[in-house]
Amino acid sequence: MQLVTTRGRYALMVLIDLAEHNNGNYIPMKEIAKRQDISHKYLEQIMPILMKDKIIDGASGKGGGYRLNRPPEEYIVGEILSLTEGSLAPVACLAECNSEKCDRTDSCRTHPMWEKYNEMTMEYFNSITIADLMKKS
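As the structure is a computational prediction, the values presented were derived from the model and not from experiment.

Asker: Could you clarify how one ought to interpret the overall build of the protein in this entry?
Answerer: A count of helical and extended segments in the protein gives six helices and two strands. Reading the secondary structure of the protein in the N-to-C direction produces α-α-α-β-β-α-α-α. Taking the principal axes of the C-alpha coordinates as reference, the protein spans close to 60 × 30 × 25 Å. Considering only contacts within the protein whose residues lie at least 6 apart along the sequence, 67% involve residues at least 24 apart. With the model as given, the accessible surface of the protein reaches about 8800 Å², and the carbon-plus-sulfur share is 51%.

Asker: What am I meant to see in the nonpolar core here?
Answerer: Generally speaking, a soluble globular protein has its nonpolar side chains buried in company with each other. The biggest cluster of nonpolar side chains holds 29 residues, and the ones touching the most others in it are Leu 15, Leu 18, Leu 43, Met 47, Leu 50 and Ile 56. The set of elements that each furnish at least two residues to this core consists of α1 (6-20), α2 (29-36), α3 (40-52), β2 (65-68), α4 (77-85) and α5 (111-125). Of all the elements, α1 adds the most residues to this core, at seven residues. Contact partners of Leu 15, with chain neighbours within four places excluded, come to Leu 50, Ile 55, Ile 56, Leu 68, Tyr 75, Ile 80 and Ile 130.

Asker: Where do I start with the pattern of salt bridges in this structure?
Answerer: Oppositely charged side chains can form a pair if their charged atoms are brought close together. All told, the structure shown has four salt bridges when counted by the stated rule. The partner of Asp 17 in a salt bridge is Arg 35, and the shortest N-O contact between them spans 2.7 Å. Of this pair, Asp 17 sits in helix α1 while Arg 35 sits in helix α2, and the two are 18 residues apart along the sequence. Note that Arg 70 and Glu 79 form a salt bridge whose closest N and O atoms lie 2.8 Å from each other. Exposure remark for Arg 70: the relative accessible area of 22% places this residue in the partly exposed category. One network of salt bridges, with partners in common, ties together Asp 17, Glu 31 and Arg 35.

Asker: What is the right way to read the packing of aromatic side chains from this model?
Answerer: For any pair of aromatic rings, the description rests on two quantities: the centre-to-centre distance and the angle between the ring planes. What the rule picks out here adds up to three aromatic pairs. Here the aromatic rings of Tyr 10 and Tyr 42 are separated by 5.5 Å at their centres, their planes lie at 80°, and the arrangement is edge-to-face. Of this pair, Tyr 10 sits in helix α1 while Tyr 42 sits in helix α3, placing them 32 residues apart in sequence. Classification of Tyr 42 by relative accessible area gives partly exposed; the value is 22%. With a centroid separation of 5.7 Å and an interplanar angle of 50°, the aromatic rings of Tyr 124 and Phe 125 are classed as tilted. Residue classification places Tyr 124 among the exposed residues on the basis of a relative accessible area of 52%. Taking NZ or CZ as reference, Arg 70 lies 4.2 Å from the ring centre of Tyr 75, over its face.

Asker: Honestly, the pairing of β2 in this entry has me stumped. Any pointers?
Answerer: Across a regular strand the side chains alternate sides, sitting on one face of the sheet and then on the other. Judged from the four bridges that link them, strand β1 (residues 56-59) and β2 form a sheet pairing that is antiparallel. What sits directly across from Gly 58, in β2, is Tyr 66.

Asker: What's the story with the side chain of Ser 87 in this structure? I'm lost.
Answerer: Tracing the sequence through the fold places Ser 87 in the loop between α4 and α5. Overall, Ser 87 belongs to the buried group, its relative accessible area being 14%. A polar contact is formed between the side chain of Ser 87 and the backbone nitrogen of Ala 89, at a distance of 3.0 Å.

Calculation rules
- Residues numbered from 1 in each chain as written.
- Predicted model: local features only at pLDDT ≥ 70, side-chain atom pairs only at ≥ 80, totals over all residues.
- Heavy atoms only, no water.
- Helix = DSSP H or I, 4+ residues; strand = E, 2+ residues; numbered from the N terminus.
- Contact = heavy atoms within 4.5 Å.
- Areas by Shrake-Rupley, 256 points an atom, 1.4 Å probe, with all protein chains shown as cover.
- Core = buried A, V, L, I, M, F, W, Y, C linked by side-chain atoms within 4.5 Å.
- Buried < 20%, exposed > 50% of the residue type's maximum accessible area, 1.4 Å probe, protein only.
- Salt bridge = Lys/Arg side-chain N within 4 Å of Asp/Glu carboxyl O.
- Phe/Tyr/Trp six-rings, centres within 6.5 Å; stacked < 30°, edge-to-face > 60°.
- Lys NZ or Arg CZ within 6 Å of the ring centre and 35° of its normal.
- Pairing = 2+ DSSP bridges.
- Polar contact = N/O pair within 3.5 Å; in protein donor to acceptor, adjacent residues only side chain to side chain.

The following block contains the structure:
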């Protein structure tokens, strides 16, 4: 099965942190890194990904940092994982980045199973928001 890397997990943690500390101001990366116990250097790789796709807003200089640009209810976990991980498909023939169709797809007896598994996984992740993750269970 496709494992979600630290990049995907940390991106979700960053968004939860930004949501929980949202006061309209930009939050410095060093504060996020400290609260989430994530290396500042690793966050320097994740934040541009989130900014590039307009998931978060960023500002540099004094008073700079990061903030959400929409309510936590509008951030879908599946969207964030797809952005940070690429495909979460369990097999290569289902990966969106796989531009070549497998020659065996039509005759493969396991393909429908993997396809259903992938659909269920994405359906699940697409049913969860950052607001949902903020709730204490």
